[in-house]
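# Structure assessment
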Amino acid sequence: MDVKSIKEAEKAQVDIWQYVFGFTPMAVVKCAIELQIADVLESHGGAMSLVDLSSAVACSPSALHRIMRYLIHRGFFKLQESTNQYAHTPLSRLLLKNEANSITSFVLLESSPVMLAPWHKLSSRASVDGGSAFEAAHGGDVWEYAAQNPAHSKLINDAMACHAGIAVSEIVQRYGEVFEGIGSLVDVGGGDGTALRRIVEACPWIRGINFDLPHVVSAAPPGQGVEHVGGDMFKQVPMADAAFIMVHISFSGC
Ligand SMILES: C[S@@+](CC[C@H](N)C(=O)[O-])C[C@H]1O[C@@H](n2cnc3c(N)ncnc32)[C@H](O)[C@@H]1O
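Attention here is on the structure that accompanies the text. (Residues numbered from 1 in each chain as written. Predicted model: local features only at pLDDT ≥ 70, side-chain atom pairs only at ≥ 80, totals over all residues. Heavy atoms only, no water.)

In this section: the environment of Ser184. Within the element layout of this structure, Ser184 appears in strand β4 (residues 184-188). For the pair Ser184 and Met1, spaced 183 residues apart in sequence, the C-alpha separation works out to 69 Å. Once residues within four sequence positions are removed from consideration, Ser184 is found in contact with Arg207, Ala240, Asp241 and Ala242. From its side chain, Ser184 meets the backbone nitrogen of Asp241 in a polar contact 2.9 Å long. (Helix = DSSP H or I, 4+ residues; strand = E, 2+ residues; numbered from the N terminus. Contact = heavy atoms within 4.5 Å. Polar contact = N/O pair within 3.5 Å; in protein donor to acceptor, adjacent residues only side chain to side chain.)

Following this line, the structure appears as structure tokens:
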């Protein structure tokens, strides 16, 4: 082997471990969300020692130290050298529950056992025709599953809502003119109505109709300028001046 080939083989020997332990970033970030580390840090003024943080999140200091070391390595949180206290980074701020750009609900959805199970079926589904990996894992599509499992439906709706809020705020800010002259707008597959609420807030002349499956709209927050209608978009969609459809290509259930 020449020197270049030897170097490439050595690099492969190192790189392969990223795949052996490829699950760890998601698992540790989920752990940080469940322990509410970002929120606890924020509520204590944005900086805490290991001892104070451990007691606030009810963890053993040695376990939490290892978790924080991994998170810091990944850019979540930093250790302030002068005070030896943990503090936020732009990445860890995305784990704050009530931050406008919070993505915690999406992490909790995609890291749930229900959403991870289909990935274990990928190879078997790739070798047969038809059906999704989700169906192989759960015996029905993701919407059927959600209709039967309210807790999972809530995980989906919260995840969609957290990202819809971010996306629609950008759409309204950058392309607000597309909503001018529209008297009524139906959001097809609008989830819990978050997207439409943001649009109606910014364009109060619009009457918003949030259309989604019955089990989704029955759990959606009422009012705030948005009427909820349940149904199947493949059969009929409520009449309106315009329709709005937003999908998340990153949603692994589809
Ligand atoms: C990927 S989510 C997108 C939600 C929302 N538009 C957003 O971007 O945040 C797709 C939505 O379509 C809804 N949906 C799926 N099948 C549907 C159907 N046949 N009729 C109406 N809504 C449906 C789901 O319940 C879900 O809320």
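A word on helix α1 (residues 3-20). Its 18 residues place the ends of α1 26 Å apart at the C-alpha level, agreeing with the 26 Å of an ideal helix rising 1.5 Å per residue. Across the 18 residues of α1, zero count as buried, placing the element largely on the outside. (Expected span 1.5 Å × (residues − 1). Buried < 20%, exposed > 50% of the residue type's maximum accessible area, 1.4 Å probe, protein only.)

Let's shift gears to the site of the ligand. In the neighbourhood of the ligand, 15 residues make up the surrounding shell, with Gly189, Asp212, Asp232, Met233 and Met246 lying closest. At 2.6 Å from an oxygen atom of the ligand is found a side-chain nitrogen or oxygen belonging to Asp212. A distance of 2.8 Å is found between a nitrogen atom of the ligand and a backbone nitrogen or oxygen belonging to Met233. The fraction of the free accessible surface of the ligand (600 Å²) that becomes covered by protein chains is 94%. Of the residues in the shell around the ligand, the class split is nine nonpolar, four polar and two charged. (Near = heavy atom within 4 Å. Areas by Shrake-Rupley, 256 points an atom, 1.4 Å probe, with all protein chains shown as cover. Nonpolar A, V, L, I, M, F, W, Y, C, P; charged D, E, K, R; others polar.)

The next point concerns the pattern of salt bridges. Under the defined criterion, the tally for this structure stands at eight salt bridges. Across the pair Arg93 and Glu99 runs a salt bridge whose closest N-O atoms are separated by 3.6 Å. One connected set of salt bridges, linked through shared partners, spans Glu42, Arg93 and Glu99. (Salt bridge = Lys/Arg side-chain N within 4 Å of Asp/Glu carboxyl O.)

Between helix α2 (residues 24-34) and helix α5 (residues 61-73), the shortest axis-to-axis distance is 10 Å and the interhelical angle comes to 120 degrees. Judged by the angle between their axes, α2 and α5 are oblique. When you trace α2 past α5, the crossing you get is left-handed. Along the contact surface, α2 presents Thr24, Pro25, Val28, Val29, Cys31 and Ala32, while α5 presents Ile67, Tyr70 and Leu71. For the contact of α2 with α5, the residue count by class is eight nonpolar, one polar and no charged. (Axes fitted to C-alpha atoms, helices over the stretch in contact; angles between N-to-C directions. Parallel < 35°, antiparallel > 145°, perpendicular 65-115°, else oblique. Left-handed = near helix turned anticlockwise from the far one by under 90°.)

Further remarks concern the packing of aromatic side chains. The geometry of an aromatic ring pair comes down to the distance between the two centres and the angle between the two planes. If you walk through the whole model with that rule in mind, you get three aromatic pairs. Seen from their ring centres, Trp17 and Phe21 are 6.2 Å apart, and the 20 degrees between their planes marks the pair as stacked. When its relative accessible area of 44% is taken as the criterion, Phe21 is described as partly exposed. Where Phe134 meets Tyr145, the ring centres are 5.8 Å apart and the plane angle is 80 degrees; that geometry is what we call edge-to-face. Placement of Phe134 in helix α10 (residues 133-138) and of Tyr145 in helix α11 (residues 142-148) is noted, with a sequence separation of 11 residues between them. Take Phe134 and Tyr145: they sit in the same class, and that class is buried. Here the aromatic residues Trp17, Phe21 and Phe23 are joined through ring pairs into a cluster of three or more. (Phe/Tyr/Trp six-rings, centres within 6.5 Å; stacked < 30°, edge-to-face > 60°.)

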